[in-house]
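# Survey of secondary and tertiary structure
One letter stands for each residue in the lines below.
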Amino acid sequence: MKKLALEVGFMAVNGPLWGRLDPDDGMPVMGFRVEERHINPGQICHGGMMMTFADMLLGFTAGIAAGGRKFIPTIQLTGDFAAPAPLGAWVEGKGRLVRLTRNMGFVDSLITADGVPCLRANGIMKIPSQDTPHGDIRRLFG
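Attention shifts here to the pairing of strand β3 (residues 28-33). The two faces of the sheet receive side chains in turn, since in a regular strand these alternate between them. With five of six residues buried, β3 lies mostly within the body of the structure. The sheet contact formed by strand β2 (residues 18-21) and β3 spans four bridges and is antiparallel. Among the inter-strand pairings, R20 is bridged to a residue of β3, identified as V29. Taking the residues between adjacent antiparallel strands as the criterion, β2 and β3 are bridged by six residues, where G26 takes a positive phi near 75°. The sheet contact formed by β3 and strand β5 (residues 90-94) spans five bridges and is antiparallel. Within β5, the residue paired with R33 across the bridge is W90.

Put into structure tokens, the structure is as follows:
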């Protein structure tokens, strides 16, 4: 995996995120290491960080499925927490496209912490009609 160049705004503070595209289906595989700044008082990754990660993963999944040249805003994001992600754990998820329409992408992922399922996330993403000036998001993944 390579470090994703997301060093602006919110992700500059909460990253880094790492990622690659799966050679079989071209969908993103992403991860991050749980650091002290990500944890809650229980010494596990804060649910807000886990949902931020899920949002990025699912957004990139829908974006790549829609051609890779659109910024994809989130319409709905849901998550079911299954286990904690402790300090130092490697959190990883692979996006899966469920369905793509002209206006929406339906995506999901099972996210793990050191290989143990910790979050199941589902999202509905808005597919804009126009490309965005940010370029090809596949380039982030090298």
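Having seen the structure, we can now continue with the description.
Moving on to unusual backbone geometry. Cis peptide bonds are those with omega within 30 degrees of zero, and the linkage from G15 to P16 qualifies with 5°. Along the chain, P16 falls in the loop between α1 (9-14) and β2. A positive phi is found at D114, a non-glycine position, where the angle reads about 50°. Within the secondary structure, D114 is located in the loop between β7 (104-113) and β8 (116-126).

Judged by nonpolar contacts, the single largest core of 36 residues is most densely connected at L17, M30, F32, M50, V91 and I111. Listed by contribution, the elements that provide at least two residues to this core are β3, α2 (47-65), β7 and β8. The dominant element in this core, judged by the number of residues it contributes, is α2, at eleven residues.

Time to look at the packing of aromatic side chains. Overall, the coordinates contain two aromatic pairs when judged by the stated rule. On the numbers, 5.2 Å between centres and 55° between planes, the contact of F32 with F53 is tilted. You can see F32 sitting in strand β3 and its partner F53 sitting in helix α2, a full 21 residues away along the chain. On the basis of relative accessible area, F32 is assigned to the buried category, the value being 0%. Both rings, one in F60 and one in F141, keep their centres 5.6 Å apart while their planes meet at 90°; by these two values the pair is edge-to-face. Residue F60 is found in helix α2, and its partner F141 is found in the segment after β8; the two are separated by 81 residues along the sequence. Grouping residues by exposure puts F60 and F141 together as buried.

The rules behind each value
- Residues numbered from 1 in each chain as written.
- Predicted model: local features only at pLDDT ≥ 70, side-chain atom pairs only at ≥ 80, totals over all residues.
- Heavy atoms only, no water.
- Buried < 20%, exposed > 50% of the residue type's maximum accessible area, 1.4 Å probe, protein only.
- Helix = DSSP H or I, 4+ residues; strand = E, 2+ residues; numbered from the N terminus.
- Pairing = 2+ DSSP bridges.
- Core = buried A, V, L, I, M, F, W, Y, C linked by side-chain atoms within 4.5 Å.
- Phe/Tyr/Trp six-rings, centres within 6.5 Å; stacked < 30°, edge-to-face > 60°.

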